[in-house]
Structure formats: structure tokens, C-alpha cells
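Structural characterization, general
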Amino acid sequence: MEIFRDFNLKPFNTFHVPARTARLARFRNVEELRALLAHPELQGLPRLVLGGGSNVLFTQDWPGVVLLNEITGLELLLETDEAVIIRAGAGMVWHDFVSYTVDQGWGGLENLSLIPGRVGAAPMQNIGAYGVEIKEPFHHLEALRISDGEVVRFDTQACRFGYRESFFKREGKGQYIILSVAFQLNKQPKLHTHYGSIKAELDKRGITAPTIRDVSEAVIAIRRSKLPNPDVLGNAGSFFKNPVVAAEVAERIKAKFPDLSSYPAGEGQVKLAAGWLIERAGWKGFREGNIGVHKDQALVLVHYGGSSGSAIYDLSTRVLESVKEQFGVELEREVNVI
Ligand code: FAD
Ligand code: EPU
């Protein structure tokens, strides 16, 4: 088992910002992980598990150990005429897993095509896109409890999923390492094509009776047209969450800005499009030195190279403050700031 010292994390985060970690090690199975956790050189050090590094912002060096999750493998746990339950290793690339399920004709994950990162991080913030969140096809996950090394099973309820939230991002933060995630997928899928741009993309392609592959391909095309590719331009997707506010707050803003982009969020609540708020606050396409706000999607902060995580963090604070000042709405960062 190799332990690297004073290692540069630039290749391991999609913002491509430099940050050094005191130690770095990889694990490919639970035994290797347990051995690392017990390793004398790593005792007492803060631990950070990384998948694809596509939802983190390093604002400083990491004084502990970074554990790279490389557990792969797929296992079919159950198959009936209607459905399957399939388990994927937490280190598997998310989109490779989604593509595999689409190839099999199993529905449930197609709207989540092309989200960067690994399977194990998906439950962390209940990843979502184009009208679907993983909490819907999710079946269970297995995680190693760091305090006693036991493997614990979590069902949907135990994960306490919310919008870009879960038990693992809140109460359970830093206490568990997710090893595998299982999903229940349908052989006679119910397609989710209600999200405006999917329907428009399918219409553009002349598809009236879409298959799950059609939906996956439509989502891929939309994502490619809207979001910057992190291999080309550093970013971590949406930097902020879409704020959920009381209906009266949305009404107050709408009275002044009738074109406010918002969606009902249940129980007298409304979700506002943070991209709209940031754009209207004047930030879309903003660039200062080598950091900025993406020109096509104001919710995405970008790094052109040569800058730092703390500079990106400071920009996010300026954006946050200006949205608060202009609309009275408090944005919350979605990205995990380290
Ligand atoms: P990392 O960034 O490596 O880790 C994220 C967090 O999870 C960290 O706190 C880390 O410590 C923790 N973690 C990672 N793996 C484990 C594990 N096995 N056990 C315990 N903790 C763990 N997200 C969406 O929800 N929807 C989108 O549409 C979307 N689009 C994106 C588009 C782009 C271009 C980019 C760059 C990002 C996008 N994201 C989106 C954000 C990101 O892809 C997801 O949050 C993804 O699940 C992160 O996976 P990762 O492996 O890179 O996680
Ligand atoms: N908008 C603007 N200006 C912008 C960007 C967006 O006005 O610069 C408005 C538009 O009116 C648009 C609305 O915001 O109709 C919504 O935009 P979009 O469909 O692009 O989605 P989003 O709300 O900006 C969310 C997720 C994305 C996910 C997409 C698609 C969050 C924080 N973000 O973005 O997730 O891919 O929906 O479902 O919920 C991520 O989490 O990293 C991520 C990329």
C-alpha cells in the first residue's frame, strides 16, 4: 500500500486549483481501506475521501490524508420480469455506470447522464438533474463507519435525502465512507420528459416515442451545450443551490421583476433559479484575472487556470453578497469548501 507525501491535488479536483495534501493514498476494497485507517503513519490525521473531485473547492492545503476511492465492480443483486437491483462500487465513474444501465435497457438513471464524479459521491448531495434525483431510483448503500470499522447499510429513509442534501452531508459528515450504492431500475421504465428542455430536444430530433437511450442522449446534448467541460475549463458545476423561499418572498421579487425564474417547491415554498438572480445581479460572464462566472450559466464559477481556490471562494462571497443586497435572498454554496 503506497502512501504519497506532500502531494499536489490539482489533478484531483475539477476546478484544477493547486492545493497540497500532507498524505494521499488509494483504496480498491474495504480491506485496503481498513488497513489505511489503521496505518500508524495516518493515525490522528484528518481524513478526506475523494471521488472525482468535481464538487470540492480547495481554499487551502489539506493537513491530513486524502483517501482516493477506487472501489469498482458491478453486482446484480436481484432480477425480476419488471425490475433489477444493481450495486455499483463507489469508485466507479458515475457516467460509465449510467451508460451501462442504459445499454441494458434499465430505466431510472437516464436523466442523470453525464454528471461528473464517482458513484460513491452521488448520495452525498442526492445528485439531481432534469427532473430526477437519485433518491428516486436509490435502493440502499453500504458505508464503512470510521469509528469502529463496521460496514453499515443505509436505506432511502436513513439517508435523509433532500434537495442537494443527505445525512452524509449533515449529521453524518466525516463519519462514514461510502463503499457501494444500489439502485432499483425498471425494465418497463417510466420516462421523465416533463423538464422543458428535454421535451424541446426530443422534438428537435423528431422523437415522439422516446426510449431511455433517447432521453439519455437528449440530456447529454443539453448538458454539453450549457455546461463547461471541466477538462477544458475548471469548474464544479453549480456553485450555489437554488434557494427555496416562502411564496411571499418570491411574490415580492416578482412584483419588481416579472420574469423571475421560479418553480413551486411545495408547502407554500418556491424555488428560485439562482442562475437568474446571479445573472440579474450583473455577474454573468464576469471575469477578473483567471477566475469568473460562466458566460452561459451564471450558477457556475470558472477557473481559467493559474489562480487559487481562495480567490474563487472570495468571488463566491461577492456574488452572494450582491444577490443578498439586490434581492434580499441568501444563496447557499453547493460545493464542498475545504
Ligand atoms: P467529490 O468532489 O470527490 O466529493 C464530493 C464530496 O463527497 C466531498 O465532501 C467528499 O469528501 C465526499 N465523498 C466523495 N466520495 C465519498 C465516499 N465514497 N464516501 C464518503 N464521502 C465521499 N451535481 C448534481 O447534483 N447535478 C448536476 O447536474 C451536476 N452537474 C455538474 C456538472 C459539472 C460540469 C460539474 C463539474 C459538476 C456537476 N455536479 C452536479 C456536481 C458533481 O458532479 C456531483 O456532486 C458529483 O456527485 C460529485 O462526485 P465526485 O466523485 O466528484 O465527488
Ligand atoms: N437561468 C438564468 N441565467 C443563467 C442560468 C439560469 O436566467 O445564467 C435561469 C433560466 O431561466 C433557466 C433556469 O435558470 O430556465 C434554470 O436553469 P437550468 O435549467 O440551467 O438549471 P439550474 O437551476 O441553473 C439546476 C441544477 C444543475 C442541473 C440543472 C438541470 C442546482 C443548484 N443546479 O441548475 O445541477 O444540472 O438544474 O436539472 O440545482 C449541479 O448541481 O452542479 C448542477 C449543474
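A brief structural summary. Since this is a predicted model, take the numbers as computed values, not measurements.

1. Focus: the pairing of strand β5 (residues 62-69)
Most of β5 sits inside the fold, with 7 of its 8 residues counted as buried. Here strand β2 (residues 20-27) runs beside β5; their pairing, made up of 6 bridges, is parallel. Counterpart to Thr-21 in the pairing with β5 is Trp-62. Sheet analysis places strand β3 (residues 47-50) next to β5, joined by 4 bridges and oriented parallel. Residue pairing across strands places Leu-50 opposite Leu-68, the latter belonging to β5.

2. Observations concerning the sheet that holds strand β15 (residues 262-264)
Read from one edge of the open sheet, 3 strands run β14-β16-β15, paired in antiparallel fashion. The open sheet has two edge strands with one neighbour each: β14 (244-246) and β15. Neighbour to neighbour, the strand axes of the sheet diverge by 35 degrees on average, direction disregarded. Across 3 bridges, β15 lies against strand β16 (residues 269-272) in antiparallel orientation. Bridge assignment links Ser-262 to a residue of β16, and that residue is Leu-272.

3. Digging into the site of ligand 1
The immediate surroundings of ligand 1 are formed by 33 residues, with Val-49, Gly-52, Ser-54, Gly-128 and Arg-223 found nearest. Between ligand 1 and the protein, one listed contact pairs an oxygen atom with a backbone N or O atom of Asn-55 at 2.8 Å. Between Arg-223 and ligand 1, the recorded distance is 2.7 Å, taken from a side-chain N or O atom to a nitrogen atom. When isolated, ligand 1 has an accessible area of 980 Å², and the protein chains bury 93% of it. Elements represented by at least two residues in the shell around ligand 1 include exactly β3, β8 (128-129), β12 (176-186) and β13 (234-238). Looking at the shell around ligand 1, its residues break down into 16 nonpolar, 14 polar and 3 charged.

About the cut-offs
Counting from 1, residues in each chain are numbered in the order their sequence is written. Chain A is the first chain written and ligand 1 is the first ligand written, with later ones labelled in order. Local features in this predicted model are restricted to residues whose pLDDT is 70 or higher, and side-chain atom pairs enter the listing and the counts only when it is 80 or higher, whereas totals over whole chains, interfaces and linings include all residues. Derived side-chain values reflect all non-hydrogen atoms in the structure, with water molecules and hydrogen atoms excluded from consideration. Residue exposure (1.4 Å probe, protein chains only): buried if accessible area is under 20% of the type maximum, exposed if over 50%, otherwise partly exposed. A run of H or I in DSSP counts as a helix once it spans at least four residues, and a run of E counts as a strand once it spans at least two, with each numbered from the N terminus. By definition, two strands form a pair when at least two bridges between them are found by DSSP. Inter-axis angles, ranging from 0 to 180 degrees, are taken between N-to-C directions of lines fitted to C-alpha atoms, where helices are fitted over the stretch in contact. If a single non-hydrogen atom of a residue is within 4 Å of a molecule or strand, that residue counts as near it. For this analysis, a polar contact is any N or O atom pair within 3.5 Å, provided that within protein one partner can donate a hydrogen and the other can accept it, and provided that sequence-adjacent residues contribute only side-chain to side-chain pairs. Surface exposure here means Shrake-Rupley accessible area, sampled with a 1.4 Å probe, where a residue is shielded only by the protein chains that are shown. Amino acids are sorted into nonpolar (Ala, Val, Leu, Ile, Met, Phe, Trp, Tyr, Cys and Pro), charged (Asp, Glu, Lys and Arg) and polar (every other residue, Gly among them).

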